[in-house]
Amino acid sequence: MLRSILTAAVAAFGLSGPALAETSVPFALDWKFEGPSAAYFAAIDNGHFAEEGLSVEVSAGKGSLDAIPKVATGAFPMGFADINSLIKFLDQNPGAPVTAVMMVYDKPPFAVVGRKSLGVSAPADLEGSVLGAPPPDGAWAQFPIFARENGLDMDKITVEPVGFPTREPMLAEGEVDSVTGFSFSSYLNLVRLGVPEDDISTILMADHGLALYGNAIIANTDFAEANPDAVTGFLRAVAKGWKDVIADPAAGAAMVADRNPAADVDLEARRLQLAIDANVVTDYTMANGMGGIDPDRMATALEQLALTYEFETDPDAALYFTDAYLPDDGSLMLQ
């Protein structure tokens, strides 16, 4: 059934065969149009996709899991999603035609964001407190690993299921003491709601024992096998878009505002800068360029996932990530 849906979608897009001028590549984001999505708009506005013969339309998403089924069914040939969620999806749906092809968040933004005035400044403070967590949230999905790595007793934490739209407002009103979320999103959403910045604590899980990777570009594997040049060109254009917004976050935020009139340009520039500094530009990506993964670290990440998730088949990084489509012309280097 999945394959038949995919075949119909590929035919509808006209994407079979080698990449041609103006090949249409719809792209599914994980979330709404905010600062960190600026790189993809820069790749459009600055002509990087056009240089690769690609016409790309970016669609907003509803969470870290959102793009995975869209790409697996062929509704979108490319997307942006949490690789840890992808790993679990592929374990539960072996052979589904989707894989990660480019790591973007080398350091994941999974975080617990709390208020110091409500007693949350460090991991140990979470015991005896109320944690707001949206069930589809990528950070919440990794929270049990974070808790285990930090010796937290989950039974001593009251978890309140919340919706994405109500997550930060509930924290701002003191209805919960902390929330799970992406560091750059929850922090600045609280600032926008009037919470004093010196009252906000950001506990980045990657700084507290988490070896996991974050969001990656994902591709439908049938589409990628039929259009390898288009996929490589897409990834090269994305890398150029990231370098554009790293050099000029304010311009990137303005591109976001062009698509999201409700966006505050200054706030989104800050959000973008936070993502750049904490998630995209790391020691590893500065030395090796963006896009790839370290095999030893991925092995550790899979071991951590296995602490709280029972794999149906033996985990193997090759099932979830390939570097076969990454450009080898130096375009991935950040310096």
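None of the values given here were measured: they were computed from a predicted structure. (Residues numbered from 1 in each chain as written. Predicted model: local features only at pLDDT ≥ 70, side-chain atom pairs only at ≥ 80, totals over all residues. Heavy atoms only, no water.)

The subject of this paragraph is the confidence of the model for the protein chain. Overall, the prediction assigns the protein chain a mean pLDDT of 93, with 94% of residues at 70 or greater. Low confidence marks residues 1–20, where pLDDT is under 50. Its contacts with residues over four positions away, or in another chain, come to 35 contacts. (pLDDT = per-residue confidence, 0-100. Contact = heavy atoms within 4.5 Å.)

Turning our eyes to something else, we now look at the pairing of strand β8 (residues 130–133). Inspection of the sheet shows β8 paired to strand β9 (residues 158–161) by four bridges, in the parallel sense. Following the sheet pairing, Leu-131 is matched in β9 by Val-159. Inspection of the sheet shows β8 paired to strand β10 (residues 178–182) by two bridges, in the parallel sense. Residue Leu-131 lies in a different strand from β10, and its bridge partner there is Ser-178. (Pairing = 2+ DSSP bridges. Helix = DSSP H or I, 4+ residues; strand = E, 2+ residues; numbered from the N terminus.)

Further remarks concern the pattern of salt bridges. Within this structure, the stated rule accounts for 13 salt bridges. Taking the shortest distance from any N to any O, the salt bridge between Arg-236 and Glu-52 comes out at 2.8 Å. Placement of Arg-236 in helix α10 (residues 228–247) and of Glu-52 in the loop between α3 (48–51) and β3 (54–55) is noted, with a sequence separation of 184 residues between them. Arg-115 is the partner of Asp-199 in a salt bridge, and the nearest nitrogen-oxygen pair spans 2.9 Å. Separated by 84 residues along the polypeptide, Asp-199 in the loop between α8 (183–192) and β11 (200–204) and Arg-115 in strand β7 (residues 110–115) bring together distant segments of the chain. Note on Asp-199: relative accessible area 9%, which makes it buried. Judged by its relative accessible area of 13%, Arg-115 falls in the buried class. When salt bridges with common partners are traced through the structure, they connect Glu-34, Glu-268 and Arg-271 into a single cluster. (Salt bridge = Lys/Arg side-chain N within 4 Å of Asp/Glu carboxyl O. Buried < 20%, exposed > 50% of the residue type's maximum accessible area, 1.4 Å probe, protein only.)

Right, let's talk about the side chain of Thr-285 for a bit. Mapped onto the secondary structure, Thr-285 falls in helix α13 (residues 283–288). A distance of 2.9 Å separates the side chain of Thr-285 from the backbone nitrogen of Thr-282, its partner in a polar contact. Leaving out residues up to four positions away in the same chain, Thr-285 has contacts with Asp-106, Val-280, Met-290 and Leu-334. (Polar contact = N/O pair within 3.5 Å; in protein donor to acceptor, adjacent residues only side chain to side chain.)

This part covers empty space enclosed by the protein. What the rule picks out here adds up to two cavities of 30 Å³ or more. Computed from the structure, the largest cavity encloses a volume of approximately 220 Å³. Contributions of two or more residues to the lining of the largest cavity are made by α7 (164–172), β10 and α8. Counted by class, the lining of the largest cavity contains eight nonpolar, six polar and five charged residues. (1 Å grid on protein atoms, 1.4 Å probe; cavity = no way out; pocket = protein on both sides within 12 Å on 5 of 7 lines; lining within 4 Å. Points joined across faces, edges and corners; volume = space filled by probe spheres on them. Nonpolar A, V, L, I, M, F, W, Y, C, P; charged D, E, K, R; others polar.)

Before going further, it helps to examine the sheet that holds strand β6 (residues 98–103). Hydrogen bonds between backbone atoms are what pair the strands of a sheet, whose relative direction is either parallel or antiparallel. Pairing in this open sheet of five strands is mixed, and the strands run β4-β2-β5-β12-β6 from one edge to the other. Edge positions in the open sheet fall to β4 (58–59) and β6, since each of these has one partner strand only. Two strands pair when backbone bridges link them, and strand β2 (residues 27–28) and strand β5 (residues 78–82) are joined in this way by two bridges, in the parallel orientation. Bridging from a neighbouring strand, Phe-27 pairs with Met-78 of β5.

Next up on the list: the packing of helix α11 (residues 249–259) against helix α12 (residues 265–280). Here α11 crosses α12 at 120°, and the two axes come no closer than 8 Å. It follows from the interaxial angle that α11 and α12 lie oblique. α11 and α12 meet at a crossing whose hand is right-handed. Packed against α11, whose contacting residues are Pro-249, Ala-250, Gly-252, Ala-253, Ala-254 and Ala-257, the element α12 presents Val-265, Glu-268, Ala-269, Leu-272, Gln-273 and Ile-276 at the interface. Per-class residue counts for the contact of α11 with α12 are nine nonpolar, two polar and one charged. (Axes fitted to C-alpha atoms, helices over the stretch in contact; angles between N-to-C directions. Parallel < 35°, antiparallel > 145°, perpendicular 65-115°, else oblique. Left-handed = near helix turned anticlockwise from the far one by under 90°.)

Here we take up the packing of aromatic side chains. Counted according to the given criterion, the structure contains 15 aromatic pairs. With 6.4 Å between their ring centres and 85° between their planes, Tyr-40 and Trp-242 make a pair best called edge-to-face. Here the residue Tyr-40 occupies a position in helix α2 (residues 38–45), and Trp-242 occupies one in helix α10, the gap between them amounting to 202 residues. As far as the burial class goes, Tyr-40 and Trp-242 line up, both buried. Aromatic rings pair up to connect Phe-27, Tyr-40, Phe-49, Phe-80, Tyr-105, Phe-110, Phe-182, Phe-184, Phe-234 and Trp-242 into one cluster. We note Arg-297 situated over the ring of Tyr-213; from NZ or CZ to the ring centre the distance is 3.7 Å. (Phe/Tyr/Trp six-rings, centres within 6.5 Å; stacked < 30°, edge-to-face > 60°. Lys NZ or Arg CZ within 6 Å of the ring centre and 35° of its normal.)

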